[in-house]
Every structure is written in C-alpha cells, then in structure tokens.
Amino acid sequence: MKVITFGTFDVFHIGHVNILERAKELGDHLIVGVSSDALNISKKGRPPIYSQDDRLKIVESLHCVDEVFLEESLELKGEYITQFNADILVMGDDWRGRFDQFSNLCKIQYFPRTEGISTSEIIDVVRST
Ligand code: C2G
C-alpha cells in the first residue's frame, strides 16, 4: 500500500515525526509532498524559516519516509495522488474534511495532531528569548 501525505515541515519537530510514523504504519511506501517556499508564502504570508531544499533533505532523511517531492500547489492534490498511485492520503486533523473530495481516488485518513507543539509556537518562543 502506498501512503501519501503533505506538509511544510518547517522547523521540524516531534509532531511531524509522529504523523509521518503513523502514516507509514498504514502501508509499506510513504511519499511526502513538502510545500515549496512559494506555496508557503501564499499560504502563510511569510517565507518558511528553512528553505525548501533543506526541508526536503530533512524529511527525506527519515527512515519512515521512502520518497519526497515538492508540493507546488494545494490545488494539485488530486494530480499528485494519481501521479504517485497513492492508496491512502494522510493529514493531521487540522485539515479534517478539507480533502474528502479525493475519496474517489484513494482512502482519506486524518490523524489527531500532537498536542502542545507547533512551528509558530517554537518561532514565538525563540523570538521572545
Ligand atoms: N502536525 C501534527 N501535529 C502537530 C503539528 C503538525 O500532527 N503538532 C501535522 C499536520 O497536521 C500536518 C503535518 O503535521 O498533517 C505537517 O504540518 P505542517 O508542516 O504545519 O503542514 P501545513 O503547513 O499544514 O501544510 O497540502 C497541505 C499542506 O502542505 C499542509
């Protein structure tokens, strides 16, 4: 079974590891779409802290990850699912319902987010110290 998931994975943290490990448990091949710097600017209004090349390299280095690619647009989910022949799309439940439209292409699974950690909180803590 091929599993696909997406994210920015900026200032990589334990919440990212947890969802990637849980995603991998659903199949035997995990593909990760890492949001491009341009997509991040359009989504969040600021560039990521780590460049897309560094974020791709960090995610690719994890033993639970088999394949990475650059996610250029939120609107291309269906094309990516088809291109990579994914059986399951995994996202954290902050995205619950947002990708149900692709349930004709593959199974959609939302996992609970890891509580108490986020990239924006880390950035705030670092800025204030
Ligand atoms: N996540 C989590 N627990 C956290 C933080 C993040 O489970 N404490 C999950 C998110 O739900 C997401 C993944 O980790 O499934 C990546 O999170 P982000 O890097 O914040 O990704 P995001 O900016 O939401 O981009 O096409 C979708 C986007 O690319 C997702």
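Not measured: the values here are computed from a predicted model.

The next subject is the layout of surface pockets. In this model, the largest pocket occupies a volume close to 630 Å³. If you trace the largest pocket, you find 33 residues lining it, with Thr8, His16, Asp94, Trp95 and Arg113 closest to the centre. Those elements that provide at least two residues to the lining of the largest pocket are strand S1 (2–7), helix H1 (14–25), helix H2 (37–44), strand S4 (88–92) and helix H5 (119–127). The element best represented in the lining of the largest pocket is H1, accounting for 5 residues. In terms of residue class, the lining of the largest pocket is made up of 10 nonpolar, 14 polar and 9 charged.

Around the ligand there are 21 residues in total, and Thr8, Glu71, Lys77, Asp94 and Ile117 lie nearest to it. Measuring from an oxygen atom of the ligand, one finds a side-chain N or O atom of histidine 16 at 3.5 Å. One nitrogen or oxygen atom from the side chain of lysine 77 is found 2.5 Å from an oxygen atom belonging to the ligand. Protein coverage of the free-state accessible area of the ligand, which is 630 Å², stands at 95%. Counted by class, the shell around the ligand contains 7 nonpolar, 8 polar and 6 charged residues.

What counts, and at which threshold
- Residues numbered from 1 in each chain as written.
- Predicted model: local features only at pLDDT ≥ 70, side-chain atom pairs only at ≥ 80, totals over all residues.
- Heavy atoms only, no water.
- 1 Å grid on protein atoms, 1.4 Å probe; cavity = no way out; pocket = protein on both sides within 12 Å on 5 of 7 lines; lining within 4 Å.
- Points joined across faces, edges and corners; volume = space filled by probe spheres on them.
- Helix = DSSP H or I, 4+ residues; strand = E, 2+ residues; numbered from the N terminus.
- Nonpolar A, V, L, I, M, F, W, Y, C, P; charged D, E, K, R; others polar.
- Near = heavy atom within 4 Å.
- Polar contact = N/O pair within 3.5 Å; in protein donor to acceptor, adjacent residues only side chain to side chain.
- Areas by Shrake-Rupley, 256 points an atom, 1.4 Å probe, with all protein chains shown as cover.

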